[in-house]
Amino acid sequence: MSYKQEEQPAVIAKHVTKAYKLFDTPARRLAYHLFHCHTGSDFIALDDVSFTVKKGEAFGIIGRNGSGKSTMLQILAGILKATSGEIKVNGRVAALLELGSGFDPESTGYENIYMNAAILGVSKNQTAQRIEQILKFADIGEFARQPVKMYSSGMYVRLAFAVAIHVDADILLIDEALAVGDVFFRQKCYQRLEELKKEGKTIILVSHGMNEVEQFCDRALLLDQSKALMLGDSKEAVKRYYLLEQQTQAVSVDAVEPEEESGRMAQQTGCISFPNHWSLQEPVFFDLSKATEISNGKANVLKVGAFDENGYAKSSFAQGEICYLYYEIEVHTDICLPLTGIVLTNQKGIIVHGKDNLQIYADLPDHVKAGTRLRCLQTVKLDLQVGEYTIEAGCATIQRELYDVRMHKQQEEVNAGMERLATVIHAGRIAVLEKKTGMPMKNMFHGICDLKGNIWISQERKG
């Protein structure tokens, strides 16, 4: 396809493939390079990927770890060469690919500004005219005259970003760099990126922060296992990212039951029900083989899964929707009262919700015997920020006497009376997607979660 000069895209990638040779030993690597022996195996980092980025567009590249995102950005920056395919970049490129990339650790901040600007094609006089703006944006104070090896990670990225956005590049490549700065710096960065968009600059962003991609990028490329899975609207690409195959396995409810229960459970497969009339219809659970379990040997978490109101497995939910978390725990010793609960943690490792029986008025089985299978259902209304959340499930035990008077005790006293039995960390993940319609409005709140409250207004007229 031919373009008029004014319609030339900023980036054209056609059938880009990047392959690496992997070797079992250094000797085989040497033999391959010296004698061109047919040894080693091929690793395909990118497989026949094509896309076009328009001038003045904010373009996201997303995907799970190992999908080829950073490799593609390095090819666009000219750091790596594609094994096959064609890359055409129209304009000066500034790349912020990794923490402090291109910095000389022995040189000062001032010296690195001039060196980086020169690499990007900016003259010494032009840099001198902009250096005060760069330093003001980076906000590193007197450290500008210190060797960058003395910088914190936040100072590195602030200076690198400040240089990249002040060299009049036509195309800015950013690879996860903004994840390092503090929240105030990230806000300042995105404000500046919005200004660059309005100036007609092209911005290509690789990020695991799906909120940033949704809100900032016009379109996005979704990569998975080295291939282009989708190219289109950023919100749709993020939705597809969340809907990627979860690490789950289909397990019949009675497949791992103790022998004495197998006959009875075979008749209940898919029919486990609870007093709220919810029943498990599709027994598909997260794969716990790679999850971390912390246990004192008195219990184990066997299954954890996320389901909809009808009992079918589900990995993505709309904001405000109810998630039904079903999990099973096997008790290996006699205990008094079982306490079970879940924890949701966001992409930044912040616990946004955690609740067990201590916070919920519920009838609990008393004097649970060894060998008992506890089947637990916990509902969570997902009044949460759009994003991915990992699930932690676990159980503890407490004496009846303390449980009955817990509302009149200090939290420390209750915690001291509990015995934690088993917890599975990173059991699985769910995605919360943007609410499309409904009251009060589709953007239900700002921030991480919905905190209940009210607003009152009184008015006073002058005179």
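The notes below deal with the structure included here. (Residues numbered from 1 in each chain as written. Predicted model: local features only at pLDDT ≥ 70, side-chain atom pairs only at ≥ 80, totals over all residues. Heavy atoms only, no water.)

### Here's the deal with the packing of helix α3 (residues 109-119) against helix α4 (residues 124-138)
Stated precisely, the cut-off is as follows: Axis definition: a line fitted to C-alpha atoms, over the contacting stretch in the case of helices. Angles run 0 to 180 degrees between N-to-C directions. Strands here mean DSSP runs of E at least two residues long; helices mean DSSP runs of H or I at least four residues long; both are numbered from the N terminus. If an angle is under 35 degrees, it is roughly parallel; if it is over 145, roughly antiparallel; if it lies from 65 to 115, roughly perpendicular; otherwise it is oblique. Crossing handedness is defined as follows: a turn of the near helix away from the far one that is anticlockwise and smaller than a right angle gives a left-handed crossing, while the clockwise case is right-handed. A contact between two residues is defined here by any heavy atoms of the two lying within 4.5 Å. Polarity classes work like this: nonpolar for Ala, Val, Leu, Ile, Met, Phe, Trp, Tyr, Cys and Pro, charged for Asp, Glu, Lys and Arg, and polar for all others, with Gly in that last group.
Where α3 meets α4, the axes come as close as 10 Å, and the angle between the chain directions of the two elements is 130°. Considering the angle they form, α3 stands oblique to α4. In terms of crossing hand, the pair formed by α3 and α4 is right-handed. On α4, the residues touching Tyr110, Ile113, Tyr114 and Ala117 of α3 are Lys124, Thr127, Ala128, Ile131, Glu132, Ile134 and Leu135. Looking at the contact of α3 with α4 residue by residue, the class counts come to 8 nonpolar, 1 polar and 2 charged.

### Considering the sheet that holds strand β2 (residues 41-53)
Formally: For two strands to be treated as a pair, DSSP must find no fewer than two bridges joining them.
Taken together, 3 strands build an open sheet; the order of strands is β2-β1-β4 and the sheet is antiparallel. The two strands at the open ends of the sheet, each matched to only one other strand, are β2 and β4 (84-89). Recorded for the sheet is a direction-independent mean angle of 25° between the axes of neighbouring strands. When strand β1 (residues 11-22) meets β2, the two strands line up antiparallel, connected through 9 bridges. Within the sheet, the bridge partner assigned to Ile12 lies in β2 and is Thr52.

### Quick notes on helix α2 (residues 69-76)
The line we're drawing: Relative accessibility thresholds used throughout: buried, under 20% of the residue-type maximum; exposed, over 50%; partly exposed, between the two (1.4 Å probe, protein chains only).
Along α2, 6 of the 8 residues are buried, which leaves the element largely enclosed by surrounding structure. Along α2, the residues classified as buried are Lys69, Thr71, Met72, Leu73, Ile75 and Leu76. Just downstream of α2 lies Gly78, where phi reads positive at about 85°.

### Brief notes about the pattern of salt bridges
Defined as follows: One speaks of a salt bridge when a side-chain nitrogen belonging to Lys or Arg is within 4 Å of a carboxyl oxygen belonging to Asp or Glu.
All chains considered together, the criterion is met by 19 salt bridges. As a salt-bridge pair, Glu195 and Arg192 come within 3.1 Å of each other at their nearest N and O atoms. In this pair, Glu195 and Arg192 are both assigned in helix α6 (residues 183-198), 3 residues apart and thus about one turn of the helix distant. Between Arg373 and Glu330 there is a salt bridge whose closest N-O contact spans 3.6 Å.

### A short note on the packing of aromatic side chains
Applicable threshold: Pairing of aromatic side chains here covers Phe, Tyr and the six-membered ring of Trp, requires ring centres within 6.5 Å, and sorts the geometry by plane angle: under 30 degrees stacked, over 60 edge-to-face, intermediate tilted. Whether a charge sits over a ring comes down to the Lys NZ or Arg CZ being within 6 Å of the ring centre and within 35 degrees of the ring normal.
Applying the stated criterion to the full structure yields 14 aromatic pairs. Taking 5.4 Å as the distance between ring centres and 15° as the angle between the ring planes, the aromatic pair formed by Phe51 and Phe59 counts as stacked. Residue Phe51 shares its accessibility class with Phe59, and that shared class is buried. Plain terms: the ring middles of Tyr190 and Phe216 are 5.7 Å apart, the flat faces sit at 70° to each other, and that makes the pair edge-to-face. Of this pair, Tyr190 sits in helix α6 while Phe216 sits in helix α7 (residues 210-216), placing them 26 residues apart in sequence. An identical accessibility class is assigned to Tyr190 and Phe216; each is buried. Here a set of aromatic residues connected by ring pairs shows up, and it is made of Phe274, Trp278, Phe285, Phe307, Tyr324 and Tyr326. Looking at Arg406, its charged tip hangs above the ring of Tyr403, at a distance of 4.0 Å from the centre.

### Quick look at the sheet that holds strand β3 (residues 58-63)
Across the sheet, 6 strands lie side by side as β5-β6-β7-β3-β8-β9; this open sheet has mixed pairing. The strands lining the two open edges of the sheet, one partner per strand, are β5 (93-96) and β9 (227-233). Strand-to-strand twist in this sheet, taken as the mean axis angle between neighbours without regard to direction, amounts to 15°. In the sheet, β3 pairs with strand β7 (residues 202-206) via 4 bridges, with the strands oriented parallel. Note that in β7 the partner of Ala58 across the bridge is Ile203.

### Considerations on the packing of α4 against helix α5 (residues 153-164)
Put simply, α4 and α5 touch, their axes get as near as 8 Å, and they point 140° apart. What the angle tells us is that α4 and α5 run oblique. Relative to α5, α4 is oriented so that their crossing is right-handed. Contacts between α4 and α5 pair Ile134, Phe137 and Ala138 from the former with Arg158, Leu159, Phe161, Ala162 and Val163 from the latter. In terms of residue class, the contact of α4 with α5 is built from 7 nonpolar, no polar and 1 charged.

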